[in-house]
Amino acid sequence: MLFRNLTLFRFPESTAKSLETLEKDLDSQRLRECGPMEMETRGFVSPFGRSREELMHQVGAYTLISVGSEYRLLPSSVVNETLAQKISAIAEKEGRRPGGKERKRLKEEVISELLPRAFIRPSRLSAYLDAQDGWFVVDSASRKAAEDAVSQVREAIGRFPATPMAPEESPRTLMTDWLTHGNLPAGLVLGDEVELRDPAEAGAVVRCRRQDLESDEVREHLKSGKQVFQLGLEYDDRMSFVLGEDLVVRKLRFLDVVLDQLDKDNLESVEAELDANFALMTLELKNLFARLEEWFGLPRPGDRD
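Residues numbered from 1 in each chain as written. Predicted model: local features only at pLDDT ≥ 70, side-chain atom pairs only at ≥ 80, totals over all residues. Heavy atoms only, no water.

*Asks:* Got a minute to help me understand helix α5 (residues 143–157) in this structure?
*Replies:* Spacing of three or four residues puts side chains on the same side of an α-helix, whose turn is 3.6 residues. In this model α5 runs 21 Å from its N-terminal to its C-terminal C-alpha over 15 residues, within 8% of the 21 Å that 1.5 Å per residue would give. When we look at burial in α5, the residues that qualify are Ala146, Ala149, Val150, Gln152, Val153, Ala156 and Ile157. In a view along the axis of α5, the buried residues occupy a sector of 155°, so they form one face of it. At the exit of α5 stands Gly158, carrying a positive phi of roughly 95°. (Helix = DSSP H or I, 4+ residues; strand = E, 2+ residues; numbered from the N terminus. Expected span 1.5 Å × (residues − 1). Buried < 20%, exposed > 50% of the residue type's maximum accessible area, 1.4 Å probe, protein only. Arc of directions from axis to C-beta.)

*Asks:* I'm lost on the environment of Asp263 in this one. Help?
*Replies:* Among the secondary structure elements, Asp263 is positioned in the loop between α8 (256–259) and α9 (270–296). In this structure Asp263 comes out as partly exposed when scored by relative accessible area, which is 41%. Separated by ten residues in the primary sequence, Asp263 and Glu273 have C-alpha atoms spaced 9.3 Å apart.

*Asks:* Even after reading the chapter, I still don't get the pattern of salt bridges, so can you show me in this structure?
*Replies:* It is possible for side chains bearing opposite charge to pair when their charged atoms get close. Summed over all chains, the structure comprises 24 salt bridges. Put simply, Glu94, Arg96, Glu102, Arg105 and Glu109 are held in one network by salt bridges that share partners. (Salt bridge = Lys/Arg side-chain N within 4 Å of Asp/Glu carboxyl O.)

*Asks:* Whenever I open this one, the packing of helix α6 (residues 171–181) against helix α7 (residues 216–223) confuses me. Can you help?
*Replies:* Relative placement of two packed helices is described by the angle separating their axes and the distance separating the axes. Following both chains from N to C, one finds α6 and α7 inclined at 135°, their axes separated by 10 Å at the closest point. In this view, α6 runs oblique relative to α7, as classed from their interaxial angle. Taken as a pair, α6 and α7 cross one another with a handedness that is left-handed. Within the contact between the two elements, α6 uses Thr176, Leu179 and Thr180 and α7 uses Val218, Arg219 and Leu222. Of the residues belonging to the contact of α6 with α7, the class tally is three nonpolar, two polar and one charged. (Axes fitted to C-alpha atoms, helices over the stretch in contact; angles between N-to-C directions. Parallel < 35°, antiparallel > 145°, perpendicular 65-115°, else oblique. Left-handed = near helix turned anticlockwise from the far one by under 90°. Contact = heavy atoms within 4.5 Å. Nonpolar A, V, L, I, M, F, W, Y, C, P; charged D, E, K, R; others polar.)

*Asks:* Could you clarify how one ought to interpret the packing of aromatic side chains in this entry?
*Replies:* To describe a pair of aromatic rings, you give the distance between the ring centres and the angle between the ring planes. According to the stated counting rule, one finds ten aromatic pairs in the structure shown. A centroid spacing of 5.9 Å and a plane angle of 85° characterise the contact between Trp178 and Trp295, whose relative ring orientation is edge-to-face. Here Trp178 is found in helix α6, whereas its partner Trp295 is found in helix α9, with 117 residues between them in sequence. Look at Trp178 and Phe296: their rings are 5.8 Å apart centre to centre, the planes differ by 50°, and that puts the pair in the tilted class. (Phe/Tyr/Trp six-rings, centres within 6.5 Å; stacked < 30°, edge-to-face > 60°.)

*Asks:* Even after reading the chapter, I still don't get a nonpolar patch on the surface, so can you show me in this structure?
*Replies:* Residues Met39, Tyr71, Leu73 and Phe119 make up a contiguous nonpolar surface patch of roughly 390 Å² in combined accessible area. For Tyr71, the location among the structural elements is in strand β4 (residues 62–73). (Patch = residues over 30% accessible without salt bridge, like charges linked within 9 Å, V, L, I, M, F, W, Y side chains within 5 Å. Areas by Shrake-Rupley, 256 points an atom, 1.4 Å probe, with all protein chains shown as cover.)

*Asks:* Could you clarify how one ought to interpret helix α4 (residues 100–114) in this entry?
*Replies:* The terminal C-alpha atoms of α4 lie 21 Å apart, and with 15 residues this matches the ideal 21 Å at 1.5 Å per residue to within 8%. Considered for burial, the residues of α4 that qualify are Glu102, Leu106, Val110 and Leu114. Buried residues in α4, looked at end-on, bunch into an arc of 100°, giving them a common side. Those residues of α4 that are exposed and angled more than 90 degrees off the buried face are Lys101 and Lys104.

*Asks:* Would you explain the side chain of Gln152 in this entry?
*Replies:* Structurally, Gln152 can be placed in helix α5. Of the residues examined, Gln152 reaches a relative accessible area of 6% and is grouped as buried. Residue contacts for Gln152: discarding those within four places in its chain leaves Gln29, Arg42, Gly43, Phe44 and Val67.

*Asks:* Sorry, what's going on with the sheet that holds strand β8 (residues 188–197) here?
*Replies:* Spatially, β9-β8-β10-β11-β12 is the arrangement adopted by the five strands of the open sheet, whose pairing is antiparallel. Two strands close off the open sheet at either side, each with one partner strand: β9 (205–209) and β12 (249–254). Each adjacent strand pair in this sheet contributes to an overall mean axis angle of 20°, direction not counted. Pairing of β8 with β9, which is carried by five bridges, proceeds in the antiparallel orientation. Following the sheet pairing, Arg197 is matched in β9 by Val205. (Pairing = 2+ DSSP bridges.)

*Asks:* Just checking my understanding: could you explain the side chain of Ser66 for this structure?
*Replies:* When you line up the elements, Ser66 lands in strand β4. At 3.2 Å, the side chain of Ser66 and the side chain of Arg124 are in polar contact. (Polar contact = N/O pair within 3.5 Å; in protein donor to acceptor, adjacent residues only side chain to side chain.)

*Asks:* Which parts of the structure should I look at to understand the environment of Gly225?
*Replies:* Looking at the secondary structure, you find Gly225 in the loop between α7 and β10 (227–235). The exposure class of Gly225 is partly exposed, given its relative accessible area of 35%. In this structure the C-alpha to C-alpha distance between Gly225 and Glu53, which are 172 residues apart in sequence, comes to 54 Å.

*Asks:* In this structure, what is going on with the pairing of β4? I would like to understand it.
*Replies:* The side chains of a regular strand alternate between the sheet's two faces. Most of β4 is tucked away: ten of the twelve residues are buried. In terms of strand pairing, strand β3 (residues 57–59) meets β4 through three bridges, oriented antiparallel. From the neighbouring strand, Gln58 faces β4, where its bridge partner is Thr63. Once β3 ends, the chain turns through two residues before running back antiparallel as β4, passing Gly60 with a positive phi of about 60°. Across twelve bridges, the pairing between β4 and strand β5 (residues 119–130) is antiparallel. By the bridge assignment for β5, Ser66 is matched with Ser126.

In structure tokens form, the structure reads like this:
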């Protein structure tokens with residue numbers, strides 16, 4: 001259980017107090033089975049798996065949660081094909097083609113007929129709350145999925161003013177400067193991946209992977225005015241990732257110096273393994289988030305922000 005992507009939100013210090021009843025609040029929003037006439041249901045599931053009852057796992061100030069969903073797979077092509085058959089049958093039997101209102105009604109009937117038989121696709125999304133420093137961290141690079149997780153927590157606890165990153169320093173400008181001049185902050189080194197874009201609307205996009213980012217080829221793109229939108233980095237020889245201009249951390253990978261701290265041979269249960277992974281991950285990310293806050297200016301919001 002090590003996150004691979006990080007979409008970050010911040011919440012004010014006062015919000016931490018409302019997390020004291022989080023376990024009870026989550027239980028009120030536990031995931032239930034998708035009903036025969038429902039397209040989707042959302043709710044919280046156990047971080048240990050569907051067979052377990054507990055809905056959170058806490059290590060110090062950090063609380064791990066999982067948002068689950070059940071979604072019925074009803075492709076539009078299937079609906080449209082069944083609808084076309086109904087319309088053809090009416091045309092053949094009555095010698096007329098249904099109008100717009102009737103077609104809408106027929107489509108609703110088709111969905112009602114097909115929905116109970118549609119397959120259900122379950123999914124889960126992990127996230128954790130840092131009550132001490134005010135971070136809400138979602139294991140996803142999708143902004144929509146991350147915001148859905150925020151909404152789910154907000155629905156559970158009543159008020160959850162978690163906001164996306166609002167950097168005081170432009171990540172695009174700063175990362176372009178890092179790559180152009182090589183003056184990276186202490187502890188950071190370049191990786192082997194970058195996405196460069198011409199900032200003009202519909203401008204050129206260049207993506208490099210497994211590339212020496214100090215090569216003449218990359219420098220020529222920078223000289224032509226392209227800017228960094230995503231940049232591969234390594235931090236303190238402990239983790240590698242791709243940082244976006246939206247401050248989403250993608251392709252997060254902990255390096256051997258970190259993973260070697262996990263004594264997997266002595267982890268006797270799923271609970272022990274999750275606990276060890278979560279404790280190690282949150283400790284490492286605490287250091288990274290402190291640096292992100294320093295580099296880009298990411299103050300914790302106040303109650304009136």
